[in-house]
Amino acid sequence: IQKLNGEPGANRYIISNSEDIFAVLNVYGLFKFCGWKDDEISMDIIPLFETIKGLSNAREVMDRLYKLPIYTRHLKRRNQKQTIMLGFSDGTKDGGYLKANWEIFNAKERLSQVSAENGIKVIFFDGRGGPPARGGGKTNRFYAAQGKNIANNEIQLTIQGQTVTSMYGTIEQFMHNCEQLITAGISNDIFDDEKNKFSFEERALMNELANISYQKYEALKQHPKFVPYLEKMSTLKYYGKANIGSRPAKRGNKKQLTLSDLRAISFVGSWSQLKQNVPGYFGIGTAIRELKNQGRIEEVKQLFENQAFFKTLILNSMMSLTKTFFPLTAYMKDNPEFGEFWEILHTEYQLSKELMFEITGYSELMQEEPLSKTSVEFREKMVLPLLTIQQYALQKIAANDKQRATYEKMVMRSLYGNINASRNSA
């Protein structure tokens, strides 16, 4: 490819699920095994830290790499630049919304520091999904809230395939969205905003909220009905049958499905089709309630008022709540196998909404974003009828209706329609 198109045609090798130095070194060794000499490797090797463990270990991993003579020489040939990818989608699937985003923020600060200490210019490539449940949300607000402790050399991020056209399909849209990225990037250099700086006390509070939220989300993942619920009550298995994704619905071919097998796209999409959007808020309500029970709700209110990053996370989570509609699946509360599990989800949804109202002072979701809220409401008019048909068909399939093949086709057709109508709907 490089011979035909030049080095920019293919000059990056990204390693998913990086958790140690060997993720990078194995790729370097692969080039050597294939006959490349050290000074011929015209490729940036990019670790992708995406699990909570990977994000926590990222600083130590990169520090060891930076200090290895063979990799030091490689970076020197690559102009002292190191691109690091951070996986928002799988991070959110692994740790829940609040914990994942806070870990990514901390990882960026630590990686910025260790890169500077080693004389390396670090560039972050963010694997952000479109919706908050996949680590996305308002891009401008996210980057503008990162502060001066995070390297701001470039903004690189993934754009989901189904939103490329909607965001960059015309000259006007392209200009507007590029302007949003550029202004977010330069605002941190121009403005010395106190709302982008965390005090020691604010960091401690963020850690508390993130950890309590994570414990609640982790308990949900460990619930014996978690994976069976997705398998039997959602459209999860239909993602694998639909040839519409860039990757399969799950990893491997094991008969017994586990959470680690699931791709973020199908995982988040299944919650979206249920209109439950669990990865976009689950655990936040419990975390805020814990602080409230300790008599510390004012601390959380102040954090929302004074910290742009926390406010960004809450507003993005509110977007997920706006796109949630539990009446669609209310029949499940009477299901003998999954009724209790449905109630767990519904209770956390109500709690999260109630306590987000309390810390923000809002009386309705997305109160500060009327244009975006109108856009969501407009699309919901298309989405809900499709999903009502889908739920009806899923119930018929579960009852082993003799027209099963027809109902499965209805599920598939509504799956296609909803993905197109709501784009990144969680």
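Residues numbered from 1 in each chain as written. Predicted model: local features only at pLDDT ≥ 70, side-chain atom pairs only at ≥ 80, totals over all residues. Heavy atoms only, no water.

**Things to note about the side chain of Gln 391**
- If you trace the backbone, Gln 391 turns up in helix H18 (residues 370-398).
- When neighbours within four sequence positions are excluded, Gln 391 is seen to be in contact with Met 233, Gln 273, Leu 274, Leu 328, Thr 329, Tyr 331 and Met 332. (Helix = DSSP H or I, 4+ residues; strand = E, 2+ residues; numbered from the N terminus. Contact = heavy atoms within 4.5 Å.)

**A word on the pattern of salt bridges**
- Applying the stated criterion across every chain, the model contains 21 salt bridges.
- A salt bridge links Asp 44 to Arg 78; the nearest nitrogen and oxygen atoms lie 2.8 Å apart. In this pair, Asp 44 is assigned in strand S2 (residues 44-49) and Arg 78 in the loop between helix H4 (69-77) and strand S3 (81-87), connecting sequence segments 34 residues apart.
- With its nearest N and O atoms 2.8 Å apart, the salt bridge here joins Lys 275 to Glu 380. Placement of Lys 275 in the loop between helix H13 (264-273) and helix H14 (284-293) and of Glu 380 in helix H18 is noted, with a sequence separation of 105 residues between them.
- Among the charged side chains, a salt-bridge network with shared partners connects Glu 7, Asp 44 and Arg 78. (Salt bridge = Lys/Arg side-chain N within 4 Å of Asp/Glu carboxyl O.)

**Focus on the packing of helix H15 (residues 297-306) against helix H16 (residues 308-322)**
- Remark: H15 packs on H16, axes separated minimally by 6 Å, with the N-to-C direction vectors making an angle of 100°. Regarding the angle of H15 to H16, the classification is roughly perpendicular. When H15 is examined against H16, the residues Val 300, Leu 303, Phe 304 and Asn 306 are found in contact with a partner set consisting of Ala 308, Phe 310, Lys 311, Ile 314 and Leu 315.
- Looking at the contact of H15 with H16 residue by residue, the classes come out as seven nonpolar, one polar and one charged. (Axes fitted to C-alpha atoms, helices over the stretch in contact; angles between N-to-C directions. Parallel < 35°, antiparallel > 145°, perpendicular 65-115°, else oblique. Nonpolar A, V, L, I, M, F, W, Y, C, P; charged D, E, K, R; others polar.)

**Examining the environment of Lys 32**
- On the secondary structure map, Lys 32 appears in helix H2 (residues 22-33).
- Using a relative accessible area of 36% as the deciding quantity, one classes Lys 32 as partly exposed.
- On a C-alpha basis, the gap between Lys 32 and Gly 96 in space is 39 Å, while along the polypeptide they are 64 residues apart.
- Here Asp 38 takes part through its side chain, which lies 3.1 Å from a polar atom of the side chain of Lys 32. (Buried < 20%, exposed > 50% of the residue type's maximum accessible area, 1.4 Å probe, protein only. Polar contact = N/O pair within 3.5 Å; in protein donor to acceptor, adjacent residues only side chain to side chain.)

**Observations concerning the nonpolar core**
- If you look at the biggest cluster of nonpolar residues, it comprises 90 residues, and the most contacted ones within it are Leu 209, Tyr 229, Trp 271 and Phe 310.
- Residue contacts for Leu 209: discarding those within four places in its chain leaves Leu 98, Ala 287, Ile 288, Leu 291, Val 300, Leu 303 and Phe 310. (Core = buried A, V, L, I, M, F, W, Y, C linked by side-chain atoms within 4.5 Å.)

**Focus: the packing of helix H11 (residues 226-233) against H13**
- Running from N to C, H11 and H13 point in directions that differ by 70°, and their axes come no closer than 11 Å. One finds that H11 runs roughly perpendicular with respect to H13. The handedness of the crossing between H11 and H13 comes out as left-handed. Where H11 approaches H13, its residues Phe 226, Tyr 229 and Leu 230 are matched on the opposing element by Phe 267, Ser 270 and Trp 271. (Left-handed = near helix turned anticlockwise from the far one by under 90°.)

**Here's the deal with a nonpolar patch on the surface**
- A contiguous nonpolar patch, built from Ile 182, Ile 186, Ile 190 and Phe 191 and spanning about 420 Å² of accessible area, is present on the exposed surface.
- Within the secondary structure, Phe 191 is located in the loop between helix H9 (171-190) and helix H10 (200-222).
- Given a relative accessible area of 53%, Phe 191 falls into the exposed group. (Patch = residues over 30% accessible without salt bridge, like charges linked within 9 Å, V, L, I, M, F, W, Y side chains within 5 Å. Areas by Shrake-Rupley, 256 points an atom, 1.4 Å probe, with all protein chains shown as cover.)

**Thoughts on H18**
- For H18, with 29 residues, the first-to-last C-alpha span of 40 Å sits near the 42 Å given by 1.5 Å per residue.
- At Glu 380, H18 shows its strongest bend, of approximately 35°.
- Burial in H18 covers these residues: Ser 372, Lys 373, Val 376, Glu 380, Val 383, Leu 387, Gln 390, Gln 391, Ala 393, Leu 394 and Ile 397.
- Asn 400 sits one or two positions beyond H18 and adopts a positive phi of about 55°. (Expected span 1.5 Å × (residues − 1). Bend = angle between axes of the 7 residues up to and from the residue.)

**Let's talk about H14**
- Residues of H14 that are buried include every one of Ile 284, Gly 285, Thr 286, Ala 287, Ile 288 and Leu 291, and no others.
- Looking at the buried side of H14, the elements it contacts are helix H6 (97-117), H10, H15, H16 and helix H17 (339-360).
- Phi for Gly 295, located one or two positions after H14, is positive at around 75°.

**Quick look at the packing of aromatic side chains**
- On inspection of all chains with the given rule, the structure shows 19 aromatic pairs.
- Between Phe 304 and Tyr 362, the ring centres sit 6.2 Å apart and the planes meet at 85°, which makes this aromatic pair edge-to-face. Of this pair, Phe 304 sits in helix H15 while Tyr 362 sits in the loop between H17 and H18, and the two are 58 residues apart along the sequence. Of the two residues examined, Phe 304 and Tyr 362, each falls in the buried class.
- Taken together, Phe 226, Tyr 229, Phe 267, Trp 271, Phe 338 and Phe 341 form an aromatic cluster joined through their ring pairs.
- Over the ring of Phe 125 we find Arg 12; its NZ or CZ atom is 4.7 Å from the centre of that ring.
- In this arrangement the basic side chain of Lys 225 is found over the ring face of Phe 338, its NZ or CZ atom lying 5.9 Å from the centre. (Phe/Tyr/Trp six-rings, centres within 6.5 Å; stacked < 30°, edge-to-face > 60°. Lys NZ or Arg CZ within 6 Å of the ring centre and 35° of its normal.)

**Quick notes on the sheet that holds strand S1 (residues 12-15)**
- Sheet architecture is open: five strands sit in the order S1-S2-S3-S4-S5, paired in parallel fashion. Each having just a single partner strand, S1 and strand S5 (156-157) make up the two edges of the open sheet.
- As judged from the four bridges shared by S1 and S2, these two strands associate in the parallel manner. Across the sheet, the residue bridging to Tyr 13 is Ile 45, located in S2.
- Those strands touched by H2 are S1 and S2, and its axis lies near 140° from that of S1.
- Packing of helix H3 (residues 52-67) onto the sheet brings it into contact with S2 and S3, and relative to S2 it is tilted by some 155°. (Pairing = 2+ DSSP bridges.)

**Overview of unusual backbone geometry**
- Backbone geometry places Gln 80, a non-glycine residue, at a positive phi of 60°.
- Mapped onto the elements, Gln 80 comes out in the loop between H4 and S3.
- Looking at Gln 80, the relative accessible area reads 30%, which means it is partly exposed.
- Positive phi values are uncommon outside glycine, yet Lys 275 reaches one of about 60°.

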